[in-house]
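Commentary on secondary and tertiary structure
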Amino acid sequence: MKYMKLEDRLLQAVTYLICFLAACITAYPLIYIFSMSISRPEAVVANSVTLLPKGFSLQAYELVFRNKDIWLSYWNTIVYAVGGTAVSVLLTMLAAYPLSRRHFFLRRPLSLFFSISMFFTGTLVPMYLLINRLGLYNTRMAIILPTGAAAYYIIMARTFLSTIPDSLYESAKIDGAGEFTILWRIFVPLSKPIMAVLILYYAVQQWNSYFNAMVYLPDKNLQPLQLYLMKVLINNESATSGGVGGAVSMSMISLQLKYVVIVVALIPILCVYPFLQKYFTKGMMIGAVKE
Amino acid sequence: MAAKSVVAKRQIKPPLRARAAAGARQLWKNIRRDKALLLIVLPVVIHYLIFVYYPMYGNIIAFKDYSPVLGINGSEWVGFKYFLQFFRSPYFWRVLRNTLLISCYSILWGFPIPIIFALMTNDLRNGIFKRVVQAVSYIPYFISTVIICGMLVNFLSPSNGIVNTIIELFGGKPINFLMEPGWFRTVFIASGIWQGFGWSSIIYLAALTGINPELYEAATMDGASKLQQVIHVSVPCILPTIIVTFIMQIGTLMSVGYEKLILLYNPVTLDVADVISSYVYRTGLVEGNYSFGSAVGLFNSVINLLLVFLANRISKKVSEVSLW
Amino acid sequence: MKQGAFLKRLTTGTIAAAMLLGLAACGGTPEASSAGSAGSAASDPSAIREITFPLEEPVEITIATPDSSVKSLSENLPVWQEIERRTNIKINWDVTASAQYVEVMKLRVTAGGSNLPDIMLLPNGLSLAELGAQGMILPLEDYIDVNGTNILKAYEEFPNAKALTSADGHIYSINTMIESAYFSPYAFIIRKDWLDRLGLEAPTTVDEWVTVLEAFRDQDANGDGDPNNEIPFTVGGHAWYTTYWANGWGLHLFQSDGWYPDENGQMQYEFISDQAKEFYTWLHNFYAEGLLDPEFLTMGDESKMFEKVARNNVGAFTAYASNIPMLEETLRANGVEGAELIPLVPPKGPYAQQVETLSDMSTNGYVVTSGCKNPDVALALLDYLFSAEGTELLNFGIEGETYTKADDGTYTFTELVTNNPEGLSAKEVLESYGCQVGGPFIKSEAREEAMLFGYPEDFRELVIEVSDATRPYATPGLTLPPATAEESDTISGLQGDLATYIWEMTGKFTVGTADVEQEWDSFVSNVKDLGVDQILAVKQAQYDRLEAER
């Protein structure tokens, strides 16, 4: 379509302008943090960085990477992110599909059953005892298993699945396909956008979490990156706060560390998005049936 | 619908026993019919029972005088003592009011923006610009609150912050934003939107992909402008997602997080800034009282749940979209 | 305690609050209470063996403690190897990263008391009295009588220690004692080069401070040609830090939160005293005159204050003197020639010349659990850590490796510590040897002095000089013994509301949103309404217990 109405062109111009501005204000924090992390420490202490780095120094990075534990914890985090996300996405889809079927007789009670958990959360001590009794304590499963499917995402996925035209479901039924087949062959391929969202949400959640690992994983070899980074940060916080008697000297670099830690933790998870992005940017209803 | 009401009417008449038997038969029939669906959902239900519902029993400490040494079961029952303590606190009304105001304004401004943003980026032509805009927009979500607040303090500083530099450039007088009670909510909510709109828009982007392209083609044929297409095709198609998200937002009305607040508020803005969670946070730190925190948490949960029930009911009447 | 309190509130607080908000609350199980009340107390004091080190037969003792972040205690650090060799005790380390210790250990105690180590650092939030009453930890006084000569000696030196570690008439925990609490305290720090540029003397009274700060405000103190870009005085970290000035009014707001006994031993709430009213009036003027940074309430943490100092905008502030070298270095690196910061002796105010200092004892100590098979050995081990040998090991490390000792008893760190080939800081090197981790100890002032090696000679002398000059004015902040269950019940919910109100009004009085003169009476009556008298009654009882023990 070559010809565009004036109205449309105007709208498009405004859209582009707003999107450009939005990109600028949202890109800023990352640029700022990155600049802070590679600037000279004295520029960081004085906070004279506004956009681009002042000077260049990788000292703080060296400090973080000096410890070889970081690579192991990186690996652990990847294991938890991949494993946990797989379990979570699977469970979410398994719950969302039946709930999206209008004739399913437990549709309402089960939706309620899941939803309630958004308002009342479990508590730590019973959870700790449970993990111990199930023999998950100090194993990778203690991180991967309990995360499960969040009610919020079950409902999101259910909402998405129920927008898939019924006619597809009906015709598959007529062809004699069972529910499993319909879910796997028809709904999963059509649900790539929502699954991409779920993967992103769950992966980010796993990536950033440390609390479960802190409580259930005393073994240093199993601990994820966030826990390691917390150690770096807190260790330095105790140094910056002077300590009793105040004779603990603080180095300039310790103020820079928090920026390095953020960059180190952030970059990998930011890289996930582009891979999932293509599923949000094009329609999936190929040969869709009219409603 | 019609069939269901007929069934219901018929069931009123027979005696109780027969009704129960009919009900059981119906249930059995349902189970047999939906056994595949039941089988699919079963693992999730089991997972929920074990990992979500079982650990909830710890919440009973809201009704106990909890001592970590005595444990959940060993601690003494005190009924509604801690609920009453909260209701009778001189700050109860203030924190309740602020919580609701901040929530409502957040929804008012923060809810539509991700939708608009998703609609806008969806309309960009596929290409590098579109991908970059979408990818970049969700970055602030990942930056820790401490850093975000540090940046806000820099931006808004009356001595050398960029915002005040701009104000002065246009001949205005610098404003000490963080010390002005009148500005607090604006700063808090606007920065929240900045941090979260890209992330929240992802769910709408996914919903937009589900729209049948033929609908747009048909609209174009009818001579609809771009804007009309958005209003008459895109929005209705993602309406279920919008409504569901909205209902769930209603369910968080009582839970404004304290992490960012405690970094931004100060004694001068406390009148408008102190919310339930920040109040509990401070009280808890001073007194280390778990039962109190639990009681307030439970109170919030119940209110949130009631609000969701209400919102859901209205939604079901008006739009037939419902959480359950 | 106030120092860094805000930071700590943020870090440990986040976790604590996550729990309080019910995200991850807490609880317990039947196991917790069945933890073996049988083992409570030494039923027969005469049965306690007298322990002499080294033991004839090795004994195993498990210690739960926050781990060192430099090198794990489980790798048998040299200092602890040496302690094991000299005592013939085999220590099994049950360590958790320090950031997570409180959370994890509290959970373990609550969830299953049966599986506890012999000795553990008591995590925050567990009450000694309750643990003792449940029979989960052992009363130590009988063991101390037999095997605790060094601990008894420490009690003489630190008169609060015994009272603060006791509950229900029993001593339950052994805490780290801080000899160096009055060394290089949190202090006023001023730009010496600004003073010189304007031809001013370092202020010694509050009034002189005001004069000096007015000069900073009005003149071009930083010498950049602009007389208006100087911030005379700032505080960082928390608005509360302004109460540091209240020392001059003889008030104890900074460390003791205003709870302090008068000369008759009657507990007072000093925030509603007449002196406090005068102080607030002064503080408001201080702010209104433009001497106090208008952003003092909005700078989230201390690093924001350091930013301003490093940008050459700040004339004076409060901080630990140990930050000075870093700040000077930054200033010079940012092109400020001759930047010089000096700590000052607390100024004489209208009512007093004093400075409230930290408590001389760590808040939490090590307890012996009832599951311990050899409580006498466990206590003897703790006692050994307080001996001269133990103190030396835990403060300075291994003689010949980390330090040398001159004939006059002065300690000098070796090059390994002062100029570490791997680039570790002195504190890190010592920690990797096992110093000041793993158990309670006496934090020695000699070590703090020796740690000053890194500073230039003149700065070292200055810190020692200022420390010595400050010592006569140092007033220890009041720490009260733990409240009983009944006491905490009567004041439950009151303290939090009161703290909020005081914090809010301090800010408002300072900035002027509330007028001190007009609103003072309603302020006092509101404080009364918030239950200050009930809290005072409890504090009085706690204070009387402290006095009785002393």
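Along each chain, residue indices are assigned from 1 in the same order as the chain's sequence is written. As a convention, the first chain written is A and the first ligand written is 1, with the rest following in written order. With pLDDT at 70 or above as the cut-off, local features in this predicted model cover only qualifying residues; side-chain atom pairs require 80 or more to be listed or tallied, and sums for whole chains, interfaces and linings still use all residues.

**Examining the domain arrangement of chain A**
Residues and elements named next belong to chain A. Each domain of chain A was delimited in the assignment, giving domain 1 (1-57) and domain 2 (67-281). Each of domain 1 and domain 2 was reduced to a C-alpha centroid, and the two centroids are 29 Å apart. Contact criterion: two residues are in contact if their C-beta atoms, reconstructed from the backbone, are within 7 Å. Counting from both sides, the interface comprises 8 residues of domain 1 and, opposite them, 8 residues of domain 2. Helix numbers and strand numbers start at the N terminus; a helix is a DSSP run of H or I with at least 4 residues, a strand a run of E with at least 2. Going through the elements one at a time, helix 1 (6-38) and helix 2 (41-45) are the ones with two or more residues in the side of domain 1 that touches domain 2. Throughout, the ten residues Ala, Val, Leu, Ile, Met, Phe, Trp, Tyr, Cys and Pro are labelled nonpolar, Asp, Glu, Lys and Arg are labelled charged, and all others, Gly among them, are labelled polar. The residue makeup of the side of domain 1 that touches domain 2, split by class, is 6 nonpolar, 1 polar and 1 charged. In this document the domain limits rely on a domain assignment from an automatic tool or a database.

**Observations regarding the pairing of strand 6 (residues 173-178) of chain C**
Residues and elements named next belong to chain C. Where burial is concerned, most of strand 6 is hidden: 6 out of the 6 residues are buried. Bridge analysis of strand 6 against strand 14 (residues 361-368) gives 4 bridges, and the strand direction is antiparallel. By the bridge assignment for strand 14, Met 177 is matched with Met 361. Pairing of strand 6 with strand 17 (residues 442-443) involves 2 bridges; the strand directions are parallel. Considered in strand 17, the bridge of Ile 178 is made with Lys 443. Backbone-placed C-beta atoms define the burial measure: a residue is buried with 20 or more other C-beta atoms within 10 Å of its own, exposed with 12 or fewer, and partly exposed in between. When DSSP finds two or more bridges between two strands, those strands count as paired.

**Looking at the domain arrangement of chain C**
Residue and element names in this part refer to chain C. Partitioning chain C into structural domains gives domain 1 (35-179 + 365-443), domain 2 (186-357) and domain 3 (485-549). Contacts between the two partners involve 19 residues from domain 2, matched on the other side by 18 residues from domain 3. Put simply, the parts of the chain that give the side of domain 2 that touches domain 3 at least two residues each are strand 9 (259-261), strand 10 (267-269) and helix 11 (274-288).

**Regarding helix 1 of chain A**
With 33 residues, helix 1 of chain A should cover 48 Å at 1.5 Å per step; its first-to-last C-alpha distance of 47 Å lies within 8% of that length. For helix 1 of chain A, the full list of buried residues reads Cys19(A), Ala22(A), Ala23(A), Thr26(A), Pro29(A), Tyr32(A), Ile33(A), Met36(A), Ser37(A) and Ile38(A). To estimate how far a helix should extend, the number of its residues minus one is multiplied by 1.5 Å.

**Points about the packing of helix 11 (residues 192-208) of chain A against helix 11 (residues 181-209) of chain B**
Taken N-terminus to C-terminus, the directions of helix 11 of chain A and helix 11 of chain B make an angle of 165 degrees; their axes are 8 Å apart at the nearest point. Between helix 11 of chain A and helix 11 of chain B, the crossing angle belongs to the class labelled roughly antiparallel. Our pair here, helix 11 of chain A against helix 11 of chain B, has a crossing hand that is right-handed. Taken together, the residues of helix 11 of chain B that come into contact with helix 11 of chain A (itself represented by Pro193(A), Ile194(A), Ala196(A), Val197(A) and Leu200(A)) are Ile202(B), Ile203(B), Ala206(B) and Thr209(B). To define axes, lines are fitted to C-alpha atoms, for helices over the stretch in contact only, and angles between the resulting N-to-C directions are given on a 0 to 180 degree scale. By the definition adopted for this analysis, an angle is roughly parallel if under 35 degrees, roughly antiparallel if over 145, roughly perpendicular if from 65 to 115, and oblique otherwise. Handedness of each helix crossing follows the sense of rotation of the near helix against the far helix: counterclockwise by less than a right angle gives left-handed, clockwise gives right-handed.

**Observations concerning the nonpolar core**
Of all hydrophobic cores here, the largest spans 306 residues; its most connected members are Ala95(A), Ile154(A), Ala157(A), Leu198(A), Ala206(B) and Ile189(C). In terms of residues, this core owes the most to one element, helix 11 of chain A, which gives 12 residues. Each nonpolar core reported here comprises buried Ala, Val, Leu, Ile, Met, Phe, Trp, Tyr and Cys residues connected via C-beta atoms within 7 Å.

**With respect to the confidence of the model for chain C**
Residues shown with low pLDDT carry predicted positions that ought not to be read at fine detail. Scored by pLDDT, chain C has a mean of 84; 90% of the residues are at 70 or more. Confidence estimates for the predicted assembly give a pTM of 0.85 and an ipTM of 0.87. The pLDDT score gives, residue by residue, the confidence of the prediction method on a 0 to 100 scale.

**Considering the interface of chain A and chain B**
Counting residues at the interface gives 73 residues for chain A, matched by 67 residues for chain B. Elements that contribute at least two residues to the side of chain A that touches chain B include exactly helix 1, helix 4 (69-100), helix 5 (107-116), helix 6 (124-133), helix 8 (151-161), helix 10 (179-190), helix 11 and helix 14 (253-281) of chain A. Here the element with the most residues in the side of chain A that touches chain B is helix 1 of chain A; it accounts for 15 residues. Looking at the side of chain A that touches chain B, its residues break down into 51 nonpolar, 15 polar and 7 charged.

**As for the environment of Glu295(C)**
Its location among the elements puts Glu295(C) in the loop between helix 11 and helix 12 (302-310). Overall, the presence of 22 C-beta atoms within 10 Å leaves Glu295(C) in the buried class. Taking the C-alpha atoms as reference points, Glu295(C) and Met305(C), separated by 10 residues in sequence, lie 9.8 Å from one another. Once residues lying within four places of it in the same chain are set aside, the contact partners of Glu295(C) are Ser157(B) and Pro158(B).

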